[in-house]
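# Structural overview for review
Chain by chain, the residues run as shown.
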Protein chains: 4
Amino acid sequence: MGNASLKKIAVLTSGGDAPGMNAAIRAVVRTANYHKIDCIGVRGGYTGLIEGNFTKMGPRSVSNIINLGGTILRSARSKEFRTEEGRQKAFEQCQKNGIDALVCIGGDGTFTGAKIFAEEFGVKVIGVPGTIDNDIFGTDFTIGYDTALNTAMEAIDKIRDTATSHNRVFFIEVMGRDAGFIALNSGIASGALDILIPEKKDSLEDLFETFEKAQKRGKTSSIVIVAEGERLASTYELAEQTKQRFPDYDIRVSILGHIQRGGAPSCADRVLASRMGYGAVVGLMKGLTNVMAGIRSNDLVFTPIEDAIKKHNEINQDLLQIAEILAM
Amino acid sequence: MGNASLKKIAVLTSGGDAPGMNAAIRAVVRTANYHKIDCIGVRGGYTGLIEGNFTKMGPRSVSNIINLGGTILRSARSKEFRTEEGRQKAFEQCQKNGIDALVCIGGDGTFTGAKIFAEEFGVKVIGVPGTIDNDIFGTDFTIGYDTALNTAMEAIDKIRDTATSHNRVFFIEVMGRDAGFIALNSGIASGALDILIPEKKDSLEDLFETFEKAQKRGKTSSIVIVAEGERLASTYELAEQTKQRFPDYDIRVSILGHIQRGGAPSCADRVLASRMGYGAVVGLMKGLTNVMAGIRSNDLVFTPIEDAIKKHNEINQDLLQIAEILAM
Amino acid sequence: MGNASLKKIAVLTSGGDAPGMNAAIRAVVRTANYHKIDCIGVRGGYTGLIEGNFTKMGPRSVSNIINLGGTILRSARSKEFRTEEGRQKAFEQCQKNGIDALVCIGGDGTFTGAKIFAEEFGVKVIGVPGTIDNDIFGTDFTIGYDTALNTAMEAIDKIRDTATSHNRVFFIEVMGRDAGFIALNSGIASGALDILIPEKKDSLEDLFETFEKAQKRGKTSSIVIVAEGERLASTYELAEQTKQRFPDYDIRVSILGHIQRGGAPSCADRVLASRMGYGAVVGLMKGLTNVMAGIRSNDLVFTPIEDAIKKHNEINQDLLQIAEILAM
Amino acid sequence: MGNASLKKIAVLTSGGDAPGMNAAIRAVVRTANYHKIDCIGVRGGYTGLIEGNFTKMGPRSVSNIINLGGTILRSARSKEFRTEEGRQKAFEQCQKNGIDALVCIGGDGTFTGAKIFAEEFGVKVIGVPGTIDNDIFGTDFTIGYDTALNTAMEAIDKIRDTATSHNRVFFIEVMGRDAGFIALNSGIASGALDILIPEKKDSLEDLFETFEKAQKRGKTSSIVIVAEGERLASTYELAEQTKQRFPDYDIRVSILGHIQRGGAPSCADRVLASRMGYGAVVGLMKGLTNVMAGIRSNDLVFTPIEDAIKKHNEINQDLLQIAEILAM
């Protein structure tokens, strides 16, 4: 593979952090090194790019990080990068430092910034999908999603112990502002009675019917999983209204929160992130730009970054039905 | 050991469940069986005692439960048992079923009920301290405490990943309505910047000073652990007021909640619960009643149940100082 | 969906157990129940089928098992079922109990038995791939594989702590008699220096070269992952010969062994098993027989059981290269 | 507290590593810093002391290590330090670098070295007990022991899943060359049928009797825990001889090995290590030398290092009986 035109790349993480980002950084750095491409780490996402918060990275700078949650390059949401002035400064930093291309690890927002930057200044960019929400088109899974699923599920398993011991109903909120992937899959995996996600039109009457059915079948405790972005009502309101309808129920709410963003990445996430980080460098070496590296059906694929932003992974309708059938 | 007068005992779990209760139940049942004492399991705490919700238990009924969180006997808080009528019914159930003695696994409330019951009706009772809060006098540790510590700490570790990646301040609330044991120990174990507990007079100014000191030393992210029962202010209010004082801070709140009550018990909890369950039966065989079985300095000891209720384990003052010194 | 001809099915687990088998059993039982099909659980695999070791299963018989490792139906390798007499007895048990179809959860051996049985006696069979080895054609992943990967990786992570502290070289053997999936993926995920698998022609000289390269680059500790079925030499021999070549190395061997078969299934495995268990019943209802239910590219697919046995999932060649590039 | 005579201390880890050593290092460094005492980290144990492999440590050098297994200072077993010449060189390094006192984190061997060194050259030394084996006198628990217990128990739990599914007998070897603490406690916690430890006189006939009893009671799978240092026979031999006696048993052996040395430390270990590391500096400030810091009955105590080496923690006899009673 020729990489005549690719001498120095930079890698950054931006937006919400996700377990496995470090594995992706490591893969970018080591693949670049293998192909004799210099690699710069940008600290603090686009803010760091604007400020020139750079660090030279070699194979040893990424030793013993594959197993760490978070991102050693830190992340941030940069308001300044949304302005032309900000991006101009970032471009100057790239020029000054001889950076030919950027590997941007993050989600929707990260990719939108990368796309505009690439179009304005001609800097090559390639995206790597890192977000626990799994809502990026162009890859079967995003980095961090599998780990977040396991974290959520393990937390729900623990809550189920106490729910069962006390014959309680728990409304448990999991992350996912726009997407119900975490809710649906962790809900199926923990045998939730019902799962409320933004992609599905839910109603209180359906929920109450499900409770009634469960009661008839002798279920004495129940767990309802609610995605953060559920549109019917907030998790607290859902609990409240259920209490009004079933005054005898002993109902509790648990918001799992930020534990879902951290933790040592799962094996699947580490391998996925390694493949994508490797793929990003390979893509740049092939001359690709304004694309995202993803894995679909176990193959490395590149998707126009525009599609990655605009299109969305759909919830598998079969899973919704399976969730319902297996709940009782 | 003679057990002429002890032919049949019953075991129940009451109050908030705690990981390791099943290991205690198993130990009670198998120790009784070993000494040819019949053993009855009472389902649903004192409510089950009143209603005669009994099940005969043998060594095989407790197979493969030592590793399970929650309690296979279920638990409940019984209002009826707080009335004389309720306890009268419970006594009749004991008589009808030939129950000589009760092993009551739980916390303060459980022991208070047991004590009154024993005094009113002469049924022998022995307490086993099962609560994650560790606030029972007469034992170094209560069943479930060590597991809850690990659960809280692991959750905080995960949050720290994301706190560090984003240079954020997290206020994390852990369980402990009256006691700061979980907060103090999980806080030390996770390198928390500050730890707020009900046993210590906290002030906003102290907290803010700590933040300032941390800032000066270059700490870019911080975790503050707040016990549920902290008296200064609620966790949300603390976060709010810190934000007003330090508007630049990116502050988040996380309430760990009920995950702390569940999960597979730790090794220490399983061994502790096994020793106490065993000790409870041994205590009853020795003719003891109205006492609690505990482990102090690695020895089985029996404490008058009255003391177990009234007195309290004190927070180790050294630990408070260590927490402060090691935070920076 | 019509299921006129499907009144009663039986489900069994056979061969080596795998985490998630219980989730598959639960899905079979509850899907059957939903469609008003009776469901029988067979205890102890084909041996249980021969002996009529049956238990009627309803939705409540599979409560709270989705999170358990192992299989509540037990498993076994049956010599008798390999004989015509054995299978004849099994058929008689099916007839006597009105069993129309069998769901067989297991691997190669299980499917071979099912296929012969179906061909001899016309009993409908459908396979569900449950094995940690991931070596079954017709599905992207087998039940238990993802959990085993995480278990192996977490164990390797622990060993790496001590390897790093002592500047040691560890040869770690993971499961996989015929397939290197676990070795390759857990090796990549744990940053192994080298990975030896049966699908790849390994040589001692390559291995030694890798060690030399690592030494030059300043690596002070290393982990080499060896699949159980590696053909070059046994793990102990590999360690031995490495010691002869590099007498200064402090070399240790660790055989991870049976921990890889157990444990609570991961979220991915529970969802996968739920989908396949559901799919097996759906397949039978559609009149399919002698097929295996699998998930490929996120879709439920049915593969002739003959293909599932004869063909094999191939190791992704890219992954081999990625493993090598990222190791240093 | 005056520390006029204590200007600079050094800290090292030596012998087998144990989870929590990093927490102890952190506590030493930060406590020293708090008291304005300089702190030097010695890399690679006594070898590093001899070679002057030193690094200046401040509060930030130990950020984010409290949760890491292993030891950031590395460890080693030094042959040279066992010679007078070696210790002479080490003393010269201490003099050259102005080191007044040494904090030595490790076990028996580490303490023996420290004691001789202190006696020969008058350098102040204080020991901190870090070993998973828990066999050090002068402290209720050693650093790493609690984590190792949980690691062993979780591994056994996983093996039990597969043992139960296949009606198998597993002989599982856990660490402990001279002490049975890990075996006894992890065995009780995992409901082992029998536990073989060096402190107890075991016989094959007792073991076989136990198997027979278990068989009579309907146990279909069993786990026997064997301490590494068991004197009756090796774990493989025990399995072999059991197979000869009970040819029908399906027997497997699992050697848990080095996973027991690694992993993120448990909460109890992190707190213990923090207290001891703090205590070591406090002890030195009080003018103590040739002692070990330990925690007994929740209090910081100092034990002559000679006693720590020569005396031994005894296995609790009650626990042996409890193990036996609860096994069936």
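Since the structure is predicted, the reported quantities are computational estimates derived from the model, not experimental observations.

## Notes on the interface of chain B and chain D
One frequently used descriptor of interface size is the decrease in accessible area upon assembly of the parts. Each partner contributes residues to the interface: chain B has 45 residues there, and chain D has 45 residues. A combined buried area of about 3900 Å² lies between chain B and chain D, and 56% of that area is made up of carbon and sulfur atoms. Between D157(B) and R270(D) there is a salt bridge, with the nearest N and O atoms lying 2.8 Å from each other. Counting the contacts that link chain B with chain D gives 20 residue pairs in polar contact (both at pLDDT 80 or more). Elements represented by at least two residues in the side of chain B that touches chain D include exactly helix 1 (21–34), helix 5 (145–166), helix 6 (181–189), helix 9 (267–285) and helix 11 (317–326) of chain B. Along the lines of polarity and charge, the residues of the side of chain B that touches chain D split into 19 nonpolar, 16 polar and 10 charged.

## A short note on the pairing of strand 2 (residues 38–42) of chain C
Two faces belong to every sheet, and in a regular strand the side chains alternate between them. Residue and element names in this part refer to chain C. Here strand 2 lies mainly inside the structure; 4 of its 5 residues are buried. Here strand 1 (residues 8–13) runs beside strand 2; their pairing, made up of 4 bridges, is parallel. Counterpart to I9 in the pairing with strand 2 is C39. Read as a crossover between parallel neighbours, the route from strand 1 over helix 1 (residues 21–34) to strand 2 is right-handed. Sheet topology note: the strand 2/strand 3 (residues 54–56) ladder contains 3 bridges and is antiparallel. Bridge pairing in strand 3 links V42 to F54.

## Quick word on the interface of chain A and chain C
With 45 residues of chain A in contact, the opposing surface of chain C contributes 45 residues. On inspection of chain A and its partner chain C, the count reaches 2 salt bridges. Our enumeration of links across chain A and chain C arrives at 20 residue pairs in polar contact (both at pLDDT 80 or more). Listed by contribution, the elements that provide at least two residues to the side of chain A that touches chain C are helix 1 (21–34), helix 5 (145–166), helix 6 (181–189), helix 9 (267–285) and helix 11 (317–326) of chain A. Its residues placed into classes, the side of chain A that touches chain C shows 19 nonpolar, 16 polar and 10 charged.

## Description of the side chain of S14(A)
Residue and element names in this part refer to chain A. Tracing the backbone shows S14 in the loop between strand 1 (8–13) and helix 1. One polar contact links S14 to T110, side chain to side chain, over a distance of 3.2 Å. In this view, S14 contacts M21, G45, Y46, S75, A76, I105, G106 and T110; residues no more than four positions away in its chain are not counted.

## Some thoughts on the domain arrangement of chain A
All names here are of chain A. Split into domains, chain A comes out as domain 1 (8–144 + 265–310) and domain 2 (146–261). On a C-alpha basis, the centres of domain 1 and domain 2 stand 34 Å from each other. Contacts between the two partners involve 13 residues from domain 1, matched on the other side by 12 residues from domain 2. Of the roughly 1000 Å² buried between domain 1 and domain 2 on both sides combined, carbon and sulfur atoms contribute 50%.

## Focus: helix 5 (residues 145–166) of chain D
All names here are of chain D. With 22 residues, helix 5 should reach 32 Å at 1.5 Å per residue; the first-to-last C-alpha distance of 31 Å fits that figure. Of all 22 residues in helix 5, 20 are buried, a share of seventy percent or more. After helix 5 finishes, the residue N167 shows a positive phi value of roughly 55 degrees.

## Some words on a nonpolar patch on the surface
Together, L68(A), I72(A), L68(D) and I72(D) line one region of the surface with nonpolar side chains, adding up to about 260 Å² of accessible area. Here L68(A) shows up in the loop between strand 3 (54–56) and helix 3 (84–96). On the basis of relative accessibility, which here comes to 31%, the residue L68(A) falls in the partly exposed class.

## Points about the relation of the copies chain B and chain D
Put simply, the second copy of the chain is the first one after a rotation about an axis and a shift along it. Rotating chain B by 180 degrees about the axis while translating it 0.0 Å along that axis superimposes it on chain D, leaving an RMSD of 0.0 Å. In the structure described here, the two chain copies are related by an operation that fits a two-fold rotation axis. Within chain B, the C-alpha atom positioned nearest to the axis of rotation is that of S297(B), 2.6 Å from it. With an isologous cut-off of 70% or more, the 100% of interface residues of chain B that recur at the interface of chain D puts this contact in the isologous class.

## Quick look at the UniProt feature "binding site: ADP" (unreviewed entry) in chain A
In the numbering adopted here, UniProt assigns the feature "binding site: ADP" (unreviewed entry) to R26(A), A27(A), V28(A), V29(A), R30(A), R160(A), R217(A), K219(A), T220(A) and S221(A). Separation in sequence by 196 residues is matched in space for these annotated residues, since their most distant C-alpha atoms are 56.2 Å apart. With respect to the element layout, A27(A) can be found in helix 1. Classification of A27(A) by relative accessible area gives buried; the value is 0%. Once you skip the residues sitting within four places of it in the chain, A27(A) turns out to touch A273(A), S274(A), G277(A), Y278(A) and L326(C).

## Some words on a positive patch on the surface
Among the surface-exposed residues, K36(A), R60(A), K213(C), K216(C) and R217(C) lie close enough to one another that they form a single positively charged patch. Tracing the backbone shows R60(A) in the loop between strand 3 and helix 3. Judged by its relative accessible area of 32%, R60(A) is partly exposed.

## Re the relation of the copies chain A and chain C
In the superposition of chain A on chain C (RMSD 0.0 Å, axial shift 0.0 Å), the rotation amounts to 180 degrees. Counting the interface residues of chain A, we find that 100% of their copies in chain C are interface residues as well, pointing to one common contact surface.

## Description of a negative patch on the surface
All names here are of chain A. A cluster of acidic residues, E205, D206, E209 and E324, forms a negative patch on the protein surface. The biggest single contributor to the negative patch is helix 7 (residues 204–216), with 3 residues. With respect to the element layout, E324 can be found in helix 11. On the basis of relative accessibility, which here comes to 57%, the residue E324 falls in the exposed class.

## What to know about the sheet that holds strand 1 of chain C
All names here are of chain C. With mixed pairing, the 7 strands of this open sheet are ordered in space as 3-2-1-4-5-10-11. Every other strand in the sheet has two partners, leaving strand 3 and strand 11 (299–304) as the edge strands with one partner each. Neighbour to neighbour, the strand axes of the sheet diverge by 30 degrees on average, direction disregarded. Here 2 bridges tie strand 5 (residues 124–129) to strand 10 (residues 291–296), and the two strands are oriented parallel to one another. Of the residues in strand 10, the one forming a bridge with I126 is V291.

Cut-offs and rules
- Residues numbered from 1 in each chain as written.
- Chains lettered and ligands numbered in written order.
- Predicted model: local features only at pLDDT ≥ 70, side-chain atom pairs only at ≥ 80, totals over all residues.
- Heavy atoms only, no water.
- Contact = heavy atoms within 4.5 Å.
- Buried area = accessible area lost by both parts, 1.4 Å probe.
- Salt bridge = Lys/Arg side-chain N within 4 Å of Asp/Glu carboxyl O.
- Polar contact = N/O pair within 3.5 Å; in protein donor to acceptor, adjacent residues only side chain to side chain.
- Helix = DSSP H or I, 4+ residues; strand = E, 2+ residues; numbered from the N terminus.
- Nonpolar A, V, L, I, M, F, W, Y, C, P; charged D, E, K, R; others polar.
- Buried < 20%, exposed > 50% of the residue type's maximum accessible area, 1.4 Å probe, protein only.
- Pairing = 2+ DSSP bridges.
- Right-handed = clockwise from strand over helix to strand, strands pointing away.
- Domains from an automatic or database assignment.
- Expected span 1.5 Å × (residues − 1).
- Patch = residues over 30% accessible without salt bridge, like charges linked within 9 Å, V, L, I, M, F, W, Y side chains within 5 Å.
- Areas by Shrake-Rupley, 256 points an atom, 1.4 Å probe, with all protein chains shown as cover.
- Least-squares fit on C-alpha atoms with pLDDT ≥ 70 in both.
- UniProt positions renumbered as here; feature names shortened; annotations may be inferred.
- Lys, Arg positive; Asp, Glu negative; His and termini not counted.
- Charge placed at Lys NZ, Arg CZ, Asp CG, Glu CD.
- Axes fitted to C-alpha atoms, helices over the stretch in contact; angles between N-to-C directions.

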